[in-house]
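Residues per chain are reported as follows:
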Amino acid sequence: MARKPKKGGGGTPATVALENAAVAFTMHSYEHDPAAVSYGGEAAEVLGVPAERVFKTLVADVDGVLTVGVVPVAGRLDLKALAAAVGGKRAAMADPAAAERSSGYVLGGISPLGQRRPLRTVVDDSALAHATVYVSAGRRGLEVELAPADLVGLTGAVTAPIGR
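Calculation notes
- In every chain, residue numbers begin from 1 and rise along the written sequence.
- The predicted origin of the model limits local features to residues at a pLDDT of at least 70 and limits the giving and counting of side-chain atom pairs to 80 or more, whereas totals for whole chains, interfaces and linings rest on all residues.
- The side-chain values count all of the structure's non-hydrogen atoms but skip hydrogen atoms and water molecules.
- Helical segments are the DSSP runs of H or I of at least four residues, strand segments are the runs of E of at least two, and each set is numbered from the N terminus.
- Throughout, radius of gyration means the C-alpha value; the globule benchmark is 2.2 Å times the number of residues raised to the power 0.38.
- Using a 1.4 Å probe on the protein chains alone, a residue whose accessible area is under 20% of its type maximum counts as buried, one over 50% counts as exposed, and one in between counts as partly exposed.
- Residue contacts follow a heavy-atom distance rule, with two residues in contact if any of their heavy atoms lie within 4.5 Å.
- Between any two strands, at least two bridges found by DSSP are needed for them to pair.
- The convention used is that axes are lines fitted to C-alpha atoms, helices contributing only their stretch in contact, and that angles between N-to-C directions extend from 0 to 180 degrees.

**Looking at the overall build of the chain**
So, step 1. Secondary structure summary: the chain contains five helices and eight strands in total.
So, step 2. In terms of C-alpha radius of gyration, the chain reaches 14 Å, essentially the compact-globule figure of 15 Å for 164 residues.
So, step 3. Taken along its principal axes, the extent of the C-alpha atoms in the chain is 45 × 35 × 30 Å.
So, step 4. For the chain, buried positions account for 45% of its 164 residues.
So, step 5. The contacts in the chain between residues at least 6 apart in sequence include a share of 62% that link residues at least 24 apart.

Structure follows, in structure tokens:
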């Protein structure tokens, strides 16, 4: 069942970071369905945006260092490619509790922006093919739309083919 997006939102560390950087962005909020199987897939469907423009934020452990991978919601994170992108050897998904503690966000609402402890970040290079992309604004049911160059710049990310 499709839900309509609703206007407005609320301040999160991600939106504060965007406002402080004076970056152009658009907030999109919607009623999150707790039964949704995929947070990102839900966002794409409810907002009526192609899934290749909506990106999920995943926290991985690369050689003992937490690292953020930002990939399209329609795909998966290639852990070997993520490790290679940061000069590492081995990568595994981070413990969910460690990801939440480090980022300051809850699973399904982890934003690459405004994290409690900024982590090295890799954005899938497919983001660069779009004028704007969507990422979590730091809360389930809240997405921020911004230029991929601004996402990369604000997170200090590198871009690499890390999605599959």
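Additional details are given in the paragraphs that follow.
**Focus on the environment of Ala14**
So, step 1. When you line up the elements, Ala14 lands in helix α1 (residues 13-20).
So, step 2. In the structure, Ala14 is positioned 121 residues away from Val135 in sequence and 10.0 Å away in space, judged by C-alpha atoms.
So, step 3. Residues contacting Ala14, with those up to four places away along its chain left out, are Tyr105, Ser111, Leu113, Gly114 and Ala137.

**Some points on the sheet that holds strand β7 (residues 142-146)**
Two strands in a sheet stick together by hydrogen bonds in their backbones, pointing the same way (parallel) or opposite ways (antiparallel).
So, step 1. The three strands are arranged β1-β7-β6 in an open sheet whose pairing can be described as antiparallel. Two strands bound the open sheet, and with one partner strand each, they are β1 (25-29) and β6 (133-139). Within the sheet, the average angular offset between the axes of one strand and its neighbour, ignoring direction, is 30°.
So, step 2. Together, β1, β6 and β7 form the strand contacts of α1, whose direction differs from that of β1 by roughly 160°.

**Notes on the pairing of strand β2 (residues 55-62)**
So, step 1. Alignment of β2 against strand β3 (residues 65-72), held across eight bridges, turns out to be antiparallel. Bridge pairing in β3 links Val62 to Val65.
So, step 2. If you look at the hairpin formed by β2 and β3, you'll find two residues sitting between the two strands, and Asp63 has a positive phi there, around 50°.
So, step 3. Pairing analysis gives three bridges linking β2 to strand β4 (residues 91-93), with the strands arranged antiparallel. Opposite Asp61, over in β4, you have Ala92 as the bridge partner.

**Description of the pairing of β7**
So, step 1. Taking burial as the measure, the five residues of β7 include five buried ones, the bulk of the element.
So, step 2. With burial as the criterion, each face of β7 is covered, one bearing Leu142, Val144 and Leu146 and the other bearing Glu143 and Glu145.
So, step 3. Note: β1 against β7, five bridges, orientation antiparallel. When the sheet's bridge partners are listed, Ser29 is paired in β7 with Leu142.

**Structural notes on the sheet that holds β3**
So, step 1. Read from one edge of the open sheet, five strands run β4-β2-β3-β5-β8, paired in mixed fashion. Pairing within the sheet leaves two strands with one partner each, and these edge strands are β4 and β8 (158-160). In this sheet, adjacent strand axes meet at a mean angle of 35° when their direction is disregarded.
So, step 2. Both β3 and strand β5 (residues 120-124) contribute to a ladder of four bridges, which runs parallel. Residue pairing across strands places Gly69 opposite Val122, the latter belonging to β5.

Nothing here speaks to function; it is geometry throughout.
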